[in-house]
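Listed below, chain by chain, are the residues.
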Amino acid sequence: MDRLPLISPAFQPFSIGNTNVEKPYILAPMDGISDSPFRLLTRELGSALSYTEFINTMDVVSHSVGYEKRCVFFEAERPVVFQLFDDDPSRLLKASRILYARWKPDIIDVNMGCSVRHVVNRGAGAELLRHPQKIIDIVDGLVKIHSIPITIKIRLGWDALSKNFLEVGKIAQDYGASAITLHARTKEQCFTDPVDLESLALLKQSLQIPVIGNGNIKSIKDANQMFEITKCDAVMIGRAATWNPWIFSGYDENQVPYPLFFVSVKKHLESMKQFHGPEKGCIVFRKFAKKYLQKFFLTTEKITEAITIEDPDQFSEMFFHLIGNKNLYLKHDE
Ligand SMILES: Cc1cc2nc3c(=O)[nH]c(=O)nc-3n(C[C@H](O)[C@H](O)[C@H](O)COP(=O)(O)O)c2cc1C
């Protein structure tokens, strides 16, 4: 008999403005990962909200081709959070109007934590943390022009000597933001070093708006610990969701019942093919396929051979053949 999943007991439902958050875990916005099919999958498995990959608002105002794929979502994904990034507050505000008029997301979030070079070099992402006046202009401006909740996602600060998450959190709250997410590392720490749960706890104690904790959640135990130590309102999960989207249903890696695994993965591939088209869908799915196949007793060579098949029909046939063999599925508690 399968173990019943445990969802963090410290969680209490809460609201971000007028949007109810009924579940404790949220899929993180991830460029190249959190597309509509993956968001739908994780939402159905229990993620509370659907954050888009970050949307470059420069692309929106210049009517670039390509960004719209980031905005498409299934109604079943709602509540949907559009995450925007820019270094120029007025352009970001202009783009937010265009996006809201066309797509009607439930929440608008602004990325103030991205550490990727091409984003910070142009003054966006975590670079905004070094410019509090821009943060004021962005939050104040967005709150004034939109009736939906406005949120921000930040890091602790630029580096160990310039941690200003409390100042930024206070700005966000004072200018009307409805929630804040903290990836509890500095920009300089990128993805290294343990996350700083004490600082996350301090932010939560200092604000009245909801605080979402983020960073290094790999298991239900990690999530419980973040809730218990920091008293944060919800936990955002990024990288671990790419190999274990079932974490949103309360399953740790290698504890996912085979029937649930099979149904979810089948649906994931099918919706990728539908969303991106068969060829691109299979190519984009490869990064997930590799992680899904690693849950089977298969050699690295076999996995590489399977995921590099170019023809979409042959790829699907091989993939389903491999995941169809329950006897090779590595579920450690059986
Ligand atoms: C591949 C990848 C893409 C990411 N893209 C975004 C993004 O578009 N917007 C954002 O706010 N954060 C982005 N992040 C950061 C995550 O949202 C999250 O803050 C970070 O991965 C820490 O959480 P984790 O330890 O659970 O992965 C990205 C992270 C990864 C690994």
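Residues numbered from 1 in each chain as written. Predicted model: local features only at pLDDT ≥ 70, side-chain atom pairs only at ≥ 80, totals over all residues. Heavy atoms only, no water.

Trainee: How should helix H1 (residues 36-45) be read in this particular structure?
Mentor: Taken across its 10 residues, H1 has 8 buried, putting it largely inside the fold. Listed in full, the buried residues belonging to H1 are Ser36, Pro37, Phe38, Arg39, Leu40, Leu41, Thr42 and Leu45. Close packing links the buried residues of H1 with strand E3 (25-27), strand E4 (50-51), helix H9 (239-243), helix H10 (258-276) and helix H11 (278-293). Measuring from the backbone nitrogen of Phe38 back to the side-chain oxygen at the start of H1 gives 3.1 Å, which picks out Asp35 as the cap. (Buried < 20%, exposed > 50% of the residue type's maximum accessible area, 1.4 Å probe, protein only. Helix = DSSP H or I, 4+ residues; strand = E, 2+ residues; numbered from the N terminus. Contact = heavy atoms within 4.5 Å. Polar contact = N/O pair within 3.5 Å; in protein donor to acceptor, adjacent residues only side chain to side chain.)

Trainee: Where do I start with the site of the ligand in this structure?
Mentor: As a matter of local geometry, the ligand sits amid 16 residues, with Asp31, Gln83, Asn214, Asn216 and Arg239 nearest to it. Within the side chain of Gln83, one N or O atom sits 2.7 Å away from an oxygen atom of the ligand. One of the backbone N or O atoms of Gly238 is found 2.8 Å from an oxygen atom in the ligand. Protein burial of the ligand: of its 610 Å² of free accessible surface, 86% is covered by the chains. Its residues assigned to classes, the shell around the ligand shows 6 nonpolar, 7 polar and 3 charged. (Near = heavy atom within 4 Å. Areas by Shrake-Rupley, 256 points an atom, 1.4 Å probe, with all protein chains shown as cover. Nonpolar A, V, L, I, M, F, W, Y, C, P; charged D, E, K, R; others polar.)

Trainee: I'm lost on the domain arrangement of the protein chain in this one. Help?
Mentor: It is common to give the size of an interface as the accessible area lost on bringing the parts into contact. Here the protein chain is partitioned into domain 1 (14-249) and domain 2 (258-328). Between the C-alpha centres of domain 1 and domain 2 the distance comes to 30 Å. Taken residue by residue, the interface counts 15 residues in domain 1 and 16 residues in domain 2. Buried surface at the junction of domain 1 and domain 2, both sides included, amounts to about 1500 Å², of which 68% is carbon and sulfur. Interface area lost by domain 1 to domain 2 is led by Pro37, Lys69 and Trp246, which between them contribute 37%. Counting the contacts that link domain 1 with domain 2 gives 1 salt bridge. (Domains from an automatic or database assignment. Buried area = accessible area lost by both parts, 1.4 Å probe. Salt bridge = Lys/Arg side-chain N within 4 Å of Asp/Glu carboxyl O.)

Trainee: For this particular structure, what's the right way to read the pairing of strand E8 (residues 150-155)?
Mentor: Regular strands place side chains that alternate from one sheet face to the opposite one. Counted residue by residue, E8 has 6 buried out of 6 residues, so it is predominantly covered. Burial of E8 is two-sided: the residues Ile150, Ile152 and Ile154 facing one way and the residues Thr151, Lys153 and Arg155 facing the other way are all buried. Of the strand pairs in this sheet, strand E7 (residues 107-112) and E8 are connected by 5 bridges, and their pairing is parallel. The partner of Asn111 across the bridge, within E8, is Lys153. Handedness of the E8-helix H6 (residues 165-174)-strand E9 (residues 179-183) crossover: right-handed. (Pairing = 2+ DSSP bridges. Right-handed = clockwise from strand over helix to strand, strands pointing away.)

Trainee: When you look at the side chain of Asn244 in this model, what are you seeing that I'm missing?
Mentor: With respect to the helices, strands and loops of the structure, Asn244 is situated in the loop between H9 and H10. Asn244 gets classed as buried once you look at its relative accessible area, which sits at 1%. Every residue in contact with Asn244, bar those within four places of it in the chain, is listed here: Tyr251, Asp252, Glu253 and Val256.

Trainee: Would you take a moment to explain the nonpolar core for this structure?
Mentor: Judged by nonpolar contacts, the single largest core of 106 residues is most densely connected at Phe285, Tyr292 and Phe319. For this core, the element with the highest residue contribution is H11, accounting for 7 residues. When residues of this core are assigned to domains, at least three map to each of domain 1 (14-249) and domain 2 (258-328). Every residue in contact with Phe285, bar those within four places of it in the chain, is listed here: Val265, His268, Leu269, Met272, Tyr292, Phe315 and Phe319. (Core = buried A, V, L, I, M, F, W, Y, C linked by side-chain atoms within 4.5 Å.)

Trainee: Which parts of the structure should I look at to understand the environment of Ala177?
Mentor: Mapped onto the fold, Ala177 is located in the loop between H6 and E9. Taking the C-alpha atoms as reference, Ala177 lies 20 Å from Lys231; in sequence the two are 54 residues apart. In this structure, Ala177 is in contact with Val139, Val143, Ile150, Ala172 and Ile209, ignoring residues within four places of it in sequence.

Trainee: Quick question: what am I supposed to make of unusual backbone geometry here?
Mentor: With the exception of glycine, the majority of residues adopt a negative phi angle, and the majority of peptide bonds are in the trans configuration. In this model, Arg78 is joined to Pro79 through a cis peptide bond whose omega is 0°. As for its placement among the helices and strands, Pro79 is situated in the loop between helix H2 (57-61) and strand E6 (80-85). The phi angle at Cys190 is positive, at roughly 50°, despite the residue not being glycine. Even without being glycine, Asn254 reaches a positive phi, approximately 65°. Relative to the assigned elements, Asn254 resides in the loop between H9 and H10.

Trainee: Before we go on, may I ask you to explain the packing of aromatic side chains in this structure?
Mentor: A ring pair, where both rings are aromatic, is described by two values, the distance of the centres and the angle of the planes. Taken as a whole, this structure holds 20 aromatic pairs when the rule is applied. Aromatic side chains Phe285 and Tyr292 sit 6.0 Å apart centroid to centroid with 50° between the ring planes, which places their arrangement in the tilted category. Side by side, Phe285 and Tyr292 carry an identical accessibility label, which is buried. Seen in terms of ring centroids, Phe288 and Tyr292 are 6.4 Å apart; in terms of plane orientation they differ by 25°. Their pairing is stacked. Taken as a pair, Phe288 and Tyr292 lie in helix H11 at a separation of 4 residues, close to a single helical turn. The two residues Phe288 and Tyr292 agree in class, both being buried. Here Arg130 stacks its cationic end above the ring of Trp158, 3.7 Å away from the centre of that ring. (Phe/Tyr/Trp six-rings, centres within 6.5 Å; stacked < 30°, edge-to-face > 60°. Lys NZ or Arg CZ within 6 Å of the ring centre and 35° of its normal.)

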